[in-house]
Amino acid sequence: DTTAQPFLIKPGKVSITRLSFLMDDQMGGQLVDAALGSLQLTADSFNLEKKVFHTRRVVTDSLRCAISFTKKSQADEKVADENNGGTAFRFGSDSVSFKRTSFKLNNEPDQFGLTTAIGDLGGRDLQFDLLQMHASVGSLQLLDHSSAITMVSHSDSSKKTAAVQNNSKPFTFTVGKINIA
């Protein structure tokens, strides 16, 4: 058979312990520092060509990710509608559990920051479609969560007015427990 076949991976069960990743691009102004204590995954559909993935089970413990941008990228300056067709990416899982997770994003050029800490996030029957901008979940549980968002608003730069100084506290919220079924 000479028919072209798509690139196919059938991972089945995947188990990872103590994984770390560091990308420090000082020239481009990007820093990504991530670490994972453990990951257990059982995949049943993994199509790289169509970007469609489905797992029966995903469990992580001690996931930490910090992303920092210190310079404005040239891609940010391009017209936003270059990709008006959208990006196809679909993910689904029968069961997910993320324990002891922290995420931090700092974008210095845009003066935006996000910090999130999650004790336990779990759910069942999760579906996510990036192209349709749609997500659904059969049940969801969030325990011991806090988030803080900081940003500075600027007036229209074409008017060349100074940014308004804002000494307010960041948008912050905490969650003791949420169950959605």
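Quick look at the structure, then.

Reading the values: the criteria
- Residues numbered from 1 in each chain as written.
- Predicted model: local features only at pLDDT ≥ 70, side-chain atom pairs only at ≥ 80, totals over all residues.
- Heavy atoms only, no water.
- Salt bridge = Lys/Arg side-chain N within 4 Å of Asp/Glu carboxyl O.
- Helix = DSSP H or I, 4+ residues; strand = E, 2+ residues; numbered from the N terminus.
- Buried < 20%, exposed > 50% of the residue type's maximum accessible area, 1.4 Å probe, protein only.
- Pairing = 2+ DSSP bridges.

## A closer look at the pattern of salt bridges
Here's step 1: Under the defined criterion, the tally for this structure stands at five salt bridges.
Here's step 2: Where Asp-44 meets Arg-56, a salt bridge forms, and the shortest distance between an N and an O atom there is 3.8 Å. One end of the pair, Asp-44, is in strand S2 (residues 30-47); the other, Arg-56, is in strand S3 (residues 52-69), with 12 residues separating them in the sequence.
Here's step 3: The class for Arg-56 is partly exposed, based on a relative accessible area of 42%.
Here's step 4: Across the pair Lys-72 and Asp-110 runs a salt bridge, and its minimum N-O distance is 3.1 Å. Here Asp-110 lies in the loop between strand S4 (90-107) and strand S5 (112-129) and Lys-72 lies in the loop between S3 and helix H1 (74-77), a separation of 38 residues in the sequence.
Here's step 5: Under the relative-accessibility criterion, Lys-72 is labelled partly exposed at 44%.

## Thoughts on the environment of Leu-142
Here's step 1: Structurally, Leu-142 can be placed in strand S7 (residues 139-151).
Here's step 2: Measuring from C-alpha to C-alpha, the distance between Leu-142 and Leu-121 comes to 4.6 Å, with 21 residues separating the pair along the chain.

## Quick look at the environment of Lys-104
Here's step 1: Looking at the secondary structure, you find Lys-104 in strand S4.
Here's step 2: Once the C-alpha coordinates of Lys-104 and Ser-147 are considered, the two residues, 43 residues apart in sequence, prove to be 9.6 Å apart.

## A short note on the pairing of S3
Here's step 1: Note that S2 and S3 share 16 bridges and pair antiparallel. Opposite Ala-35, over in S3, you have Arg-64 as the bridge partner.
Here's step 2: Sheet topology places S3 next to S4; 15 bridges connect them, and they run parallel. Bridging from a neighbouring strand, Ser-68 pairs with Asn-106 of S4.

The values are spatial; any link to function lies outside them.
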